[in-house]
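# Close look at the chain arrangement
The residues making up each chain are set out below.
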Amino acid sequence: MAKKPVDPANDRPGRIKQLRMIAKIIKQANPKGMPIVYASVLGTFVLCIVIGLVLGWLWYMIFIGLMLSLTVGLVVFGQLAQKAQYSILDGQVGAAAAVLQGMRGNWEVTPAVAVNRDQDVVHRVVGYPGIVLVGEGPGGRVQKLLVAEKKRVQRVAVEVPVYDIQCGDGEGQIPLAKLQRHLMKLPRNLKKPAVSEINYRLRALPQNLPLPKGPLPKGARMPRGPKTR
């Protein structure tokens, strides 16, 4: 008998299993993380019980306390999970791209649109503010890469606002944990149709490939870009 095809949706971990996996990540990043979650749940519930006893609304506040403590626990759990993710990603190449791809809303993220010999990297984000170039690497070095990529982008996106940001812990750079918030604060300069049109134009740009350090080996050829029609 032929085997039934495996449904990818059924192969995904369930909600409870996902929460357990996230809890393990929180525990690895911060051993006090899960006790803080439990304390927030218990503290909220106890506070509601005390209020119920004082006001004479015990059974009503028990119901409210259950719902409110669960909500508070999930909020604290989510915040700790996000901090754990940042602590794990911090210092790794491409960490900014992973954070950017987790943004909610109409954001088109293209990782590593430009890379140099030293593995400094620039990611491109398109959204309502316009085009945002996010560089990872030492300040002086990655700035040259950002300037070059900005000129390249402006050739096909004339009169579109282009922002360049450096992500890191150096002077003038945006820390990884504050990167999403920084982009969300940028002004909304474009409407949805304009965002789609810019994405279409930028997809036609050839990607900048890194050059290897040292001389090229004999017989090696540089990769060619796509032919223009």
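Residues numbered from 1 in each chain as written. Predicted model: local features only at pLDDT ≥ 70, side-chain atom pairs only at ≥ 80, totals over all residues. Heavy atoms only, no water.

From N to C terminus, the protein includes 8 helices and 4 strands. For the protein, the sequential pattern of α-helices and β-strands runs α-α-α-α-α-β-β-β-α-β-α-α. Considering the protein as a whole, with its 229 residues, one finds that 33% of them fall into the buried category. Considering only contacts in the protein between residues 6 or more positions apart, those separated by 24 or more positions represent 59%. Working note: accessible area of the protein is about 16000 Å², and carbon and sulfur atoms make up 59% of it. (Helix = DSSP H or I, 4+ residues; strand = E, 2+ residues; numbered from the N terminus. Buried < 20%, exposed > 50% of the residue type's maximum accessible area, 1.4 Å probe, protein only. Contact = heavy atoms within 4.5 Å. Areas by Shrake-Rupley, 256 points an atom, 1.4 Å probe, with all protein chains shown as cover.)

To continue, consider the sheet that holds strand β1 (residues 108–115). Pairing within the open sheet is mixed, and its 4 strands lie in the order β1-β2-β3-β4. Each edge of the sheet is formed by a strand with only one pairing partner; in this case those strands are β1 and β4 (162–167). Strand after strand, the sheet turns through a mean of 25° between neighbouring axes, direction not considered. Note: strand β2 (residues 121–127) against strand β3 (residues 130–136), 7 bridges, orientation antiparallel. Bridging from a neighbouring strand, V125 pairs with V132 of β3. Contacting β1, β2, β3 and β4, helix α6 (residues 139–154) runs over the sheet at an angle of about 160° to β4. The strands that helix α8 (residues 192–203) touches are β1, β2 and β3; relative to β2, the one it contacts most, it runs at about 145°. (Pairing = 2+ DSSP bridges. Axes fitted to C-alpha atoms, helices over the stretch in contact; angles between N-to-C directions.)

What follows covers unusual backbone geometry. Positioned with a positive phi, A112 is a non-glycine residue whose angle comes to about 50°. Tracing the chain through its elements places A112 in strand β1.

Moving on to the environment of L205. By secondary structure assignment, the location of L205 is in the segment after α8. Counting along the chain gives 53 residues from L205 to R152, while the straight-line C-alpha distance between them is 8.5 Å. Leaving out residues up to four positions away in the same chain, L205 has contacts with R152, V153 and V156.

Quick look at the side chain of E136 now. The topology assignment puts E136 in strand β3. Here E136 sits buried without a salt bridge, and the closest side chain of opposite charge, R141, lies 11 Å off (N-O distance). A distance of 3.4 Å separates the side chain of E136 from the backbone nitrogen of A95, its partner in a polar contact. (Lys, Arg positive; Asp, Glu negative; His and termini not counted. Salt bridge = Lys/Arg side-chain N within 4 Å of Asp/Glu carboxyl O. Polar contact = N/O pair within 3.5 Å; in protein donor to acceptor, adjacent residues only side chain to side chain.)

This structure, assessed with the given rule, holds 6 salt bridges. Across the pair D118 and R141 runs a salt bridge, and its minimum N-O distance is 3.9 Å. Residue D118 is located in the loop between β1 and β2, and its partner R141 is located in helix α6; the two are separated by 23 residues in the primary sequence. Sharing partners across several salt bridges, the network here consists of D118, D120 and R141.

In this section: α6. For α6, which comprises 16 residues, the first-to-last C-alpha distance of 22 Å matches the rise-based estimate of 22 Å (1.5 Å per residue) to within 8%. Looking at α6, one finds that the buried residues are V142, L145, L146, E149, R152 and V153. For α6, the angular spread of the buried residues around the axis is 125°, confining them to a single face. Among the exposed residues of α6, those oriented more than 90 degrees off its buried face are G140, K144 and K151. In this structure, the buried side of α6 is in contact with β1, β2, β3, β4 and α8. (Expected span 1.5 Å × (residues − 1). Arc of directions from axis to C-beta.)

To continue, consider the packing of aromatic side chains. Any aromatic ring pair is given by two values, namely how distant the centres are and how the planes are angled relative to each other. Per the counting criterion, the structure on display carries 1 aromatic pair. Each ring, one from W57 and one from Y60, has its centre 6.4 Å from the other, and the planes form 90°; the classification is edge-to-face. By relative accessible area, Y60 is classed as exposed at 51%. In this structure, R188 is placed above the aromatic ring of Y128, and the distance from its NZ or CZ to the ring centre is 4.3 Å. (Phe/Tyr/Trp six-rings, centres within 6.5 Å; stacked < 30°, edge-to-face > 60°. Lys NZ or Arg CZ within 6 Å of the ring centre and 35° of its normal.)

Time to look at the confidence of the model for the protein. Of all residues in the protein, 82% have pLDDT values of 70 or greater, and the mean over the chain is 80. Here helix α1 (residues 8–11) stands out as the element of the protein with the lowest mean pLDDT, 46, in contrast to β3, whose mean of 93 is the highest. Confidence over residues 6–11 falls short of pLDDT 50; this stretch has 0 contacts with residues more than four positions distant or in other chains. Overall, residues 211–229 carries pLDDT values under 50, and its contacts beyond four positions in sequence, including any with other chains, amount to 8 contacts. (pLDDT = per-residue confidence, 0-100.)

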